[in-house]
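Notes for the structure review
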Amino acid sequence: MKLIRATAAECAAMAEAHAEAFADKSWREDEFEDLLEGEGIYGYLAQAGAPQGVILCRVAAGEMEVLTLGVTPPARRRGVARALLAVALPAARDLGAETVFLEVAVDNDAAIALYERLGFRRAGLRKSYYDRRPEGFIDALVMRLDLAAPGPYPPVGGGE
């Protein structure tokens, strides 16, 4: 697997990976382009022939927020999300982030388990955060990671 720092050249592949990971609420290529032009925003694409996953993050005021992290179904449970976090977290530190926040659907047990293994802790709950039409809305856990504290989060370098 190759991890590529996102530029405008990767936006089509990022949108492709996102569409496969989130069929109901995917982001378009132009949305990735617009976001990457913003201050403190960066991302990575995981690719092994075809796009396998994507992460997009924003750093502001000492905090990093994971805007999206998605892995295509064929690549799940193969270390792609962990590898994406392994490159995104050191980049956040380099940009001055001390804390990381993300939201995850309360029923996404695999992602929650990964985040907890990496040192994230539950910090709150956002009621009816994700719209899962036609089933309705589902809550999201807010998870937090202290980048200054020693922890099991991935080392710099990250390919798995």
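Residues numbered from 1 in each chain as written. Predicted model: local features only at pLDDT ≥ 70, side-chain atom pairs only at ≥ 80, totals over all residues. Heavy atoms only, no water.

A closer look at the packing of helix α1 (residues 11–21) against helix α2 (residues 29–36)
Where α1 meets α2, the axes come as close as 8 Å, and the angle between the chain directions of the two elements is 120°. When the axes of α1 and α2 are compared, the pair comes out oblique. Judged by the twist between their axes, the crossing of α1 over α2 is right-handed. Across from C11, A12, M14, A15 and H18 in α1, the residues of α2 making contact are E29, F32, E33 and L36. The class makeup of the residues in the contact of α1 with α2 is six nonpolar, one polar and two charged. (Axes fitted to C-alpha atoms, helices over the stretch in contact; angles between N-to-C directions. Helix = DSSP H or I, 4+ residues; strand = E, 2+ residues; numbered from the N terminus. Parallel < 35°, antiparallel > 145°, perpendicular 65-115°, else oblique. Left-handed = near helix turned anticlockwise from the far one by under 90°. Contact = heavy atoms within 4.5 Å. Nonpolar A, V, L, I, M, F, W, Y, C, P; charged D, E, K, R; others polar.)

Re the pattern of salt bridges
Applying the stated criterion to the full structure yields seven salt bridges. Here R28 makes a salt bridge to D30, at a shortest N to O gap of 2.9 Å. In this structure, the salt-bridge partner of E103 is R126, at a minimum N-O distance of 3.0 Å. Residue E103 is located in strand β5 (residues 99–105), and its partner R126 is located in strand β6 (residues 121–132); the two are separated by 23 residues in the primary sequence. Here E103 falls in the buried class, since its relative accessible area comes to 17%. (Salt bridge = Lys/Arg side-chain N within 4 Å of Asp/Glu carboxyl O. Buried < 20%, exposed > 50% of the residue type's maximum accessible area, 1.4 Å probe, protein only.)

A few points about the side chain of T68
When you line up the elements, T68 lands in strand β4 (residues 63–71). A polar contact of 2.8 Å, which involves the side chain of T68, links it to the side chain of H18. Setting aside residues up to four positions removed in sequence, T68 forms contacts with H18, F22, W27, F32, V54, I55 and L56. (Polar contact = N/O pair within 3.5 Å; in protein donor to acceptor, adjacent residues only side chain to side chain.)

Observations concerning the confidence of the model for the chain
Per-residue confidence for the chain averages 90 on the pLDDT scale, and 93% of its residues sit at or above 70. Note that pLDDT drops below 50 for residues 155–160; the model gives that stretch 13 contacts with residues more than four away or on any other chain. (pLDDT = per-residue confidence, 0-100.)

Some points on the pairing of strand β2 (residues 41–48)
Buried residues dominate β2, accounting for six of its eight residues. Alignment of strand β1 (residues 2–5) against β2, held across four bridges, turns out to be antiparallel. Bridge assignment links L3 to a residue of β2, and that residue is A46. Both β2 and strand β3 (residues 50–60) contribute to a ladder of eight bridges, which runs antiparallel. Residue pairing in the sheet places A48 in a bridge with A50 of β3. (Pairing = 2+ DSSP bridges.)

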